[in-house]
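Observations on the three-dimensional arrangement
Residue strings, one per chain:
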Amino acid sequence: MSDELIPKVKQMIIDSLRIEGMAPEEIDSDAPLFGEGLGLDSIDALQLVVAMEKEFGTVVPDAATGSKVFASVRSMAAYIREKQA
């Protein structure tokens, strides 16, 4: 599935978390963001919530929703698309 949001979400992750030396195409769209994948933590999750709200106007209302939304880049893009529709 080609999705124009995926590169934007990857860039938002890199910018908001200040990940040095990583290009958007280096992030696997389906890899877990927490734990094994990018290895993000709860502080990173808070920064992503703020970045998503600022950049896409999308609110993550609670931790249960957040755990689904932040499963991967693809799940983040799907959530943003759904909320913007």
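Here, every reference points to the structure presented above.
The text that follows walks through the structure, step by step, so that each part is easy to find. (Residues numbered from 1 in each chain as written. Predicted model: local features only at pLDDT ≥ 70, side-chain atom pairs only at ≥ 80, totals over all residues. Heavy atoms only, no water.)

1. Describing the overall build of the protein
Broken down by element type, the protein carries four helices and zero strands. Taken from N to C terminus, the helices and strands of the protein fall in the order α-α-α-α. Taken over C-alpha atoms, the radius of gyration comes to 12 Å for the protein, in line with the 12 Å a tight globule of 85 residues would show. With respect to the three principal axes, the spread of C-alpha positions in the protein is 30 × 30 × 20 Å. Across the 85 residues of the protein, 40% fall into the buried class. Across the protein, contacts joining residues at least 24 apart in sequence account for 58% of those joining residues at least 6 apart. Total accessible area on the protein stands at roughly 5,100 Å², and carbon and sulfur atoms take up 53% of it. Within the protein, the 15 negative side-chain charges are centred at a point lying 6 Å from the centre of the 8 positive side-chain charges. (Helix = DSSP H or I, 4+ residues; strand = E, 2+ residues; numbered from the N terminus. Rg over C-alpha atoms; globule rule 2.2 N^0.38 Å. Buried < 20%, exposed > 50% of the residue type's maximum accessible area, 1.4 Å probe, protein only. Contact = heavy atoms within 4.5 Å. Areas by Shrake-Rupley, 256 points an atom, 1.4 Å probe, with all protein chains shown as cover. Lys, Arg positive; Asp, Glu negative; His and termini not counted. Charge placed at Lys NZ, Arg CZ, Asp CG, Glu CD.)

2. Some points on helix H2 (residues 42–56)
With 15 residues, H2 should reach 21 Å at 1.5 Å per residue; the first-to-last C-alpha distance of 21 Å fits that figure. Along H2, the residues classified as buried are Asp44, Ala45, Leu48, Ala51, Met52 and Phe56. The buried residues of H2 occupy an angular sector of 125° when projected down its axis, which confines them to one face. Opposite the buried face of H2, by more than 90 degrees, sit the exposed residues Ser42, Ile43, Leu46, Val50 and Lys54. The secondary structure elements touched by the buried residues of H2 are helix H1 (5–17), helix H3 (63–69) and helix H4 (73–84). By the N-cap criterion, in which a side-chain oxygen at the helix start approaches the backbone nitrogen of a residue two or three places on, H2 is capped by aspartate 41, the distance to isoleucine 43 being 3.1 Å. (Expected span 1.5 Å × (residues − 1). Arc of directions from axis to C-beta. Polar contact = N/O pair within 3.5 Å; in protein donor to acceptor, adjacent residues only side chain to side chain.)

3. Section: the environment of leucine 5
Along the chain, the position of leucine 5 falls in helix H1. In this structure the C-alpha to C-alpha distance between leucine 5 and alanine 23, which are 18 residues apart in sequence, comes to 16 Å. Aside from chain neighbours lying at most four places away, what touches leucine 5 is Phe56, Ala77, Ile80 and Arg81.

4. A few points about the packing of H1 against H2
Two quantities define a packed helix pair, namely the angle between the helix axes and the distance between the axes. The geometry of H1 relative to H2 is characterised by a closest axis approach of 10 Å and an angle of 125° between their N-to-C directions. Compared by their axis directions, H1 and H2 come out oblique. The crossing of H1 and H2 is right-handed. Counting all contacts with H1, which are made through Leu5, Lys8, Val9, Met12, Ile13, Ser16 and Leu17, the residues of H2 involved are Asp44, Gln47, Leu48, Ala51, Met52, Glu55 and Phe56. Within the contact of H1 with H2, the residues separate by chemical class into nine nonpolar, two polar and three charged. (Axes fitted to C-alpha atoms, helices over the stretch in contact; angles between N-to-C directions. Parallel < 35°, antiparallel > 145°, perpendicular 65-115°, else oblique. Left-handed = near helix turned anticlockwise from the far one by under 90°. Nonpolar A, V, L, I, M, F, W, Y, C, P; charged D, E, K, R; others polar.)

Shape descriptors only; they carry no functional weight alone.
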